[in-house]
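Given next are the chains, with one letter for each unit.
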Amino acid sequence: MSPTLISVFLLVLIGLHSSVSAASCPAGTKIYNSKCYAALGMDMTRDNALAYCKKTYGSYARLTTPLTYAENNFVTEQVQLHANWHTWLEFVADGTYIVGDDGRPPVYTNFAVGEPFSVSLGYCITIGMNGYWYAQPCTDSHSALCEFDLVPPTVKPTIAPTLAPSGYPSCVQKYLNFVPCLSGWDYYPPTCSCFKIITNTTYYNAMNVCRSIGGTLASVHNAGEAAFITRLGAQANSYWTLTATARDNIIVGLTYNSDRGIFQWDDSTVFDYAQGFAPAEPADYTSQGQASILRPNNPMGYATYMRMGNCAFQTCRYAACKRYVY
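Under an unreviewed UniProt entry, the chain has the name C-type lectin domain-containing protein and belongs to Caenorhabditis remanei.

Evaluated as defined, the whole model comprises 14 aromatic pairs. Grouping aromatic residues by their ring pairs yields a cluster made of Tyr256, Phe263, Trp265, Phe271 and Phe277. The ring of Trp185 is capped by Arg323, whose NZ or CZ atom sits 5.7 Å from the centre of that ring.

Right, let's talk about unusual backbone geometry for a bit. In terms of backbone geometry, most residues other than glycine have negative phi values and most peptide bonds are trans. Look at Ser34: it is not a glycine, yet its phi comes out positive at around 65°. Mapped onto the elements, Ser34 comes out in the loop between strand 1 (30–32) and strand 2 (35–39). We note that Ser268 has phi near 70°; this positive angle belongs to a residue other than glycine. Within the element layout of this structure, Ser268 appears in the loop between strand 14 (262–265) and strand 15 (290–298).

Turning to helix 6 (residues 223–236), a few remarks are in order. Because the α-helix completes a turn every 3.6 residues, residues three or four places apart line up on one side. The end-to-end C-alpha distance of helix 6 is 20 Å, a good match for the 20 Å that 14 residues give at a rise of 1.5 Å each. Residues of helix 6 that are buried: Glu225, Ala226, Phe228, Ile229, Thr230, Leu232, Gly233 and Ala234. For helix 6, the capping residue at the N-terminal end is Asn222, with a side-chain oxygen 3.1 Å from the backbone nitrogen of Gly224.

Moving on, we come to the pairing of strand 10 (residues 193–201). Of the pairings in the sheet, the one linking strand 9 (residues 186–188) to strand 10 comprises three bridges and is antiparallel in character. In the strand pairing of strand 10, Asp186 is matched with Phe195. As consecutive antiparallel partners, strand 9 and strand 10 are separated by four residues, and within that stretch Cys192 has a phi angle of approximately 55°, a positive value.

Here we come to the pattern of salt bridges. Applying the stated criterion across every chain, the model contains eight salt bridges. Across the salt bridge formed by Asp101 and Arg46, the nearest N and O atoms sit 2.8 Å from each other. Within this pair, whereas Asp101 is found in the loop between strand 5 (98–99) and strand 6 (123–128), its partner Arg46 is found in helix 2 (residues 46–57), the two being separated by 55 residues in sequence. With relative accessibility at 3%, the residue Arg46 sits in the buried group.

Now for the nonpolar core. Within the largest apolar cluster, 20 residues are counted, with the highest numbers of intra-cluster contacts made by Phe195, Ala218, Val220, Ile229, Trp265, Phe277 and Ala320. Where this core is concerned, the elements lending two or more residues are strand 10, helix 6, strand 14, strand 16 (303–310) and strand 17 (316–324). With four residues, helix 6 is the largest single contributor of residues to this core. In this structure, Cys25, Leu40, Ala49 and Leu150 belong to the second largest nonpolar core, which totals 19 residues.

What the rule picks out here adds up to five disulfides. Two residues, Cys53 and Cys146, share a disulfide whose sulfurs are 2.0 Å apart. Disulfide Cys53-Cys146: torsion about the S-S bond near -85°, hence left-handed. Here Cys53, found in helix 2, pairs with Cys146, found in strand 8 (residues 143–149); they are 93 residues apart in sequence, far enough to count as distant. With respect to burial, Cys53 and Cys146 carry one shared label: buried. Through a disulfide, Cys181 is tied to Cys194; the S-S separation comes to 2.0 Å.

Burial analysis of strand 7 (residues 133–137) places four of its five residues in the buried class, the great majority of the element. Where strand 6 and strand 7 come together, five bridges link them in antiparallel fashion. Looking at strand 7, one finds that Thr126 is bridged to Tyr134. Once strand 6 ends, the chain turns through four residues before running back antiparallel as strand 7, passing Gly131 with a positive phi of about 90°.

To continue, consider empty space enclosed by the protein. Applying the stated rule across the entire model yields one cavity of 30 Å³ or more. Space inside the largest cavity adds up to approximately 40 Å³. Contributing to the lining of the largest cavity are Ala39, Gln78, Val79, His82, Asn84, Thr87, Ala144 and Leu145. Mapped by element, the contributors of at least two residues to the lining of the largest cavity are helix 3 (69–81) and strand 8.

Reading the values: the criteria
- Residues numbered from 1 in each chain as written.
- Predicted model: local features only at pLDDT ≥ 70, side-chain atom pairs only at ≥ 80, totals over all residues.
- Heavy atoms only, no water.
- Phe/Tyr/Trp six-rings, centres within 6.5 Å; stacked < 30°, edge-to-face > 60°.
- Lys NZ or Arg CZ within 6 Å of the ring centre and 35° of its normal.
- Helix = DSSP H or I, 4+ residues; strand = E, 2+ residues; numbered from the N terminus.
- Expected span 1.5 Å × (residues − 1).
- Buried < 20%, exposed > 50% of the residue type's maximum accessible area, 1.4 Å probe, protein only.
- Polar contact = N/O pair within 3.5 Å; in protein donor to acceptor, adjacent residues only side chain to side chain.
- Pairing = 2+ DSSP bridges.
- Salt bridge = Lys/Arg side-chain N within 4 Å of Asp/Glu carboxyl O.
- Core = buried A, V, L, I, M, F, W, Y, C linked by side-chain atoms within 4.5 Å.
- Disulfide = S-S within 2.5 Å.
- 1 Å grid on protein atoms, 1.4 Å probe; cavity = no way out; pocket = protein on both sides within 12 Å on 5 of 7 lines; lining within 4 Å.
- Points joined across faces, edges and corners; volume = space filled by probe spheres on them.

Here's what the structure looks like:
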């Protein structure tokens, strides 16, 4: 091999080594899924924690943002390692739901039962040592876990978004040629949602199962969505029968918050479907364990109404999970 070729070969090796070295997390941080994580080791408000992350690790640093069940487990391990009862996540309440710093709702959540406690402005989300998420006042002091990409993203020119025709959700145009739901989920385009039916469960068990697979107990915002959920229940059981028992009901995520005096959905969306209640409903909605359930009038036509029932400890036939796609 000629000296020239040897020199070129060595330069290539040096270049490769430099690239590998450059793509490594700073000392004192941990790497997971091509992202670096750094515990701050001090308690501070949510905004101060974010500012500290950016000051220390650059403008692309953020408060940790678990995107999957596995990532949430990794973050939980870091929280436990540093013995932090609560650690700030990126998400904040915007008055109607939980969003990230980019204004988008999370693609994955793991809220504890009864959480988020509030979606009012001034509340931010933490992760506890148990791995569940909680709403806390943003001015409280908690620990922080900074997160940043191993390779910083390339800055792209800003392109003005194309406005969707009035009256159509953006997902209808976005997903014209394919279904955006994961395997085992069913797509309902009018509300940009995927649904999954689980069987023989209680309200609290269903809530945890839905969250463990990246969704929440279903919210229902119109008659079409109610009928769609009921049809999925009928398809899940070819021996669908109507009786007077709660086993023929489908659990959805509506409960009554006695502290705030309002009905609320598990996914924190606005309760805007009071007309979906059956006559004389909601009846008993203040007793412990009362949650909303869908009951079909006619399983062949899937006509459906809502009522409050006790599926907290009593096993019901079905529950509906829901996750949004955008």
